[in-house]
Amino acid sequence: MLTDYGDEAGGRETRQLLTRPAPPTAIVYDNDVMAVAGLPVTSELGLELVDGRPPDAPDVDVQEALPRLEPRGGTGPAPV
C-alpha cells in the first residue's frame, strides 16, 4: 500500500486492511508512527494482538507516544 508514512495514513490503511473480507494475519509497518497509529484501529474493531492481549492504548496520541523526529533534509551527516 502506498502512503505518506504519517499517522493518519497508518490508521486509515490499517482499517482498510483489517476490514477486508479476508484480512491479513499480520501487518508489517514501515515506521513506528504508522504502527502506533494502527493500535487504536485494532481496538475499535475488537481485535486482539498475537499474545491475546487487547491493545492497551485505544486513544494513542502518536505525537506523544513517539519521540519528536527531525527530518534531516538530505543524505548528509545528521545534525549534532
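Residues numbered from 1 in each chain as written. Predicted model: local features only at pLDDT ≥ 70, side-chain atom pairs only at ≥ 80, totals over all residues. Heavy atoms only, no water.

### Overview of the overall build of the protein chain
When helices and strands are tallied, the protein chain shows three helices and zero strands. Secondary structure elements in the protein chain, listed N-terminal to C-terminal, are α-α-α. Intrachain contacts of the protein chain at a sequence separation of at least 6 include 55% that bridge at least 24 residues. (Helix = DSSP H or I, 4+ residues; strand = E, 2+ residues; numbered from the N terminus. Contact = heavy atoms within 4.5 Å.)

### Description of the confidence of the model for the protein chain
Counting all residues, the mean pLDDT for the protein chain is 77, and 61% of those residues have values of 70 or more. Per-element averaging of pLDDT across the protein chain places helix H3 (residues 62-65) at the bottom with 64 and helix H1 (residues 7-18) at the top with 92. (pLDDT = per-residue confidence, 0-100.)

### Some points on helix H2 (residues 32-44)
For an α-helix, the turn length of 3.6 residues means that residues three or four places apart are oriented alike. Within the span of H2, buried status applies to Val 33, Met 34, Val 36, Ala 37, Gly 38, Pro 40, Val 41 and Thr 42. Taking the backbone nitrogen of Val 33 as reference, a side-chain oxygen 3.2 Å away marks Asn 31 as the first, capping residue of H2. (Buried < 20%, exposed > 50% of the residue type's maximum accessible area, 1.4 Å probe, protein only. Polar contact = N/O pair within 3.5 Å; in protein donor to acceptor, adjacent residues only side chain to side chain.)

### Let's talk about the environment of Ile 27
Turning to its location among the elements, Ile 27 is positioned in the loop between H1 and H2. Since its relative accessible area comes to 28%, Ile 27 is described here as partly exposed. In sequence terms Ile 27 and Thr 14 are 13 residues apart; their C-alpha atoms lie 8.0 Å from each other. Once you skip the residues sitting within four places of it in the chain, Ile 27 turns out to touch Thr 14, Leu 17 and Leu 18.

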